[in-house]
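# Secondary and tertiary structure notes
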Amino acid sequence: MRTATRAAYAERIARVQSFISDHLDDDLDLDALAELACLSPFHFHRIYRSMTGETLAGTLRRLRLHRAAGQLIAGRVAIARVAAGAGYGSVTAFRRAFQACYRATPATYRASAARATLPAVTIGRQPALVVAAIRHQGPYMEIGRAFERLISWAAGHGLLAARPRSFGIYFDDPQSKPASQLRSAAALLVPGGGALAAGMEWLAIAGGRYAEVEFRGPYAELERAYRGLYGVWLPGSGEEAADGPCVEEYLNDPRKHLPSDWLTAVRLPLMA
């Protein structure tokens, strides 16, 4: 596939992914999504799968279950309502699907996610990096929308074969302001100097000393790592947090592993 054609397809697929993220509660029609991508229904699904690495149904299931995991952790929504919001007609069907993906029943997952433990923390120096990024404003749980666009752009430019490093940059304390005002950015480490798509920019990740926790599990549970890092480790460490954003590096591909096996390095900047 020529570079220009591949990039054009990536832009079309990115439109579809943004639409899916914004309409998780709707019945999504294949023909309508194909029309949105300006592709024939006959070819659309194969192109989508080849560029994203998953089927449309797989994308929808992954995003709905990710949202459900966040709702379970928040603890304010009844499991029956979470099941309905994820598109399941019964709690039993939802329980089966959730357990297959997250290796725990919804009730067990909700109970276990509430525990904060002392993490295994290492301190080291990280080099300064310049990354291609898309900014996101809103709940941190919804930054996946920016990542979907970013991955589509990278696929369209032939950058995914090299498995570029993937980062989330989080500028605000989620307890300090309304979720709608939280600022973050989805980022990839790719060769610099090239043109970026509309809505993208080059961002710097500061180098220096960082405290790091390697967390295994769903992204919806990452708050556990932060609670342990800030509430348990930092007060007794003798260290002081630097004035800068926390950075997450996603160490494996969420499309190729179950959520229970996702690996994330959570990094807190420290004073020199």
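Whatever comes next refers back to the structure up there.
Residues numbered from 1 in each chain as written. Predicted model: local features only at pLDDT ≥ 70, side-chain atom pairs only at ≥ 80, totals over all residues. Heavy atoms only, no water.

Among the secondary structure elements, S112 is positioned in helix 7 (residues 106–112). Among the residues examined, S112 registers a relative accessible area of 18% and is labelled buried. Taking C-alpha positions, S112 is 9.8 Å from E221, a pair spaced 109 residues apart along the chain. (Helix = DSSP H or I, 4+ residues; strand = E, 2+ residues; numbered from the N terminus. Buried < 20%, exposed > 50% of the residue type's maximum accessible area, 1.4 Å probe, protein only.)

A few words now on the sheet that holds strand 2 (residues 129–137). Spatially, the eight strands line up as an open sheet ordered 1-6-8-7-3-4-2-5, and their pairing is antiparallel. Looking at which strands have only one partner, the edges of the open sheet turn out to be strand 1 (121–126) and strand 5 (200–205). Averaged over all pairs of adjacent strands, the angle between strand axes in this sheet comes to 35 degrees, irrespective of strand direction. Across four bridges, the pairing between strand 7 (residues 246–250) and strand 8 (residues 263–269) is antiparallel. If you follow E249 over to strand 8, its bridge partner there is A265. Those strands touched by helix 8 (residues 144–156) are strand 2, strand 3 (166–170), strand 4 (183–188), strand 5 and strand 7, and its axis lies near 25 degrees from that of strand 4. (Pairing = 2+ DSSP bridges. Axes fitted to C-alpha atoms, helices over the stretch in contact; angles between N-to-C directions. Contact = heavy atoms within 4.5 Å.)

A few words on the side chain of E212. As for its placement among the helices and strands, E212 is situated in strand 6 (residues 208–216). Within the structure, E212 has its side chain in polar contact with the side chain of R267 (distance 2.8 Å). Other than its neighbours up to four places away in sequence, E212 contacts A120, V121, T122, Q126, A265, V266 and R267. (Polar contact = N/O pair within 3.5 Å; in protein donor to acceptor, adjacent residues only side chain to side chain.)

Below, the discussion takes up the nonpolar core. The biggest cluster of nonpolar side chains holds 33 residues, and the ones touching the most others in it are L150, W153, L229 and L268. When residues of this core are traced back to their parent elements, those giving at least two are strand 2, helix 8, strand 4, strand 6, helix 9 (222–233), strand 7 and strand 8. Counting residues per element, this core draws most heavily on helix 8, at six residues. Every residue in contact with L268, bar those within four places of it in the chain, is listed here: R209, Y210, A211, L229, Y230, L234, A241 and C246. Core analysis: the next-biggest nonpolar cluster, separate from the first, contains 17 residues, A10, I13, I47 and M51 among them. (Core = buried A, V, L, I, M, F, W, Y, C linked by side-chain atoms within 4.5 Å.)

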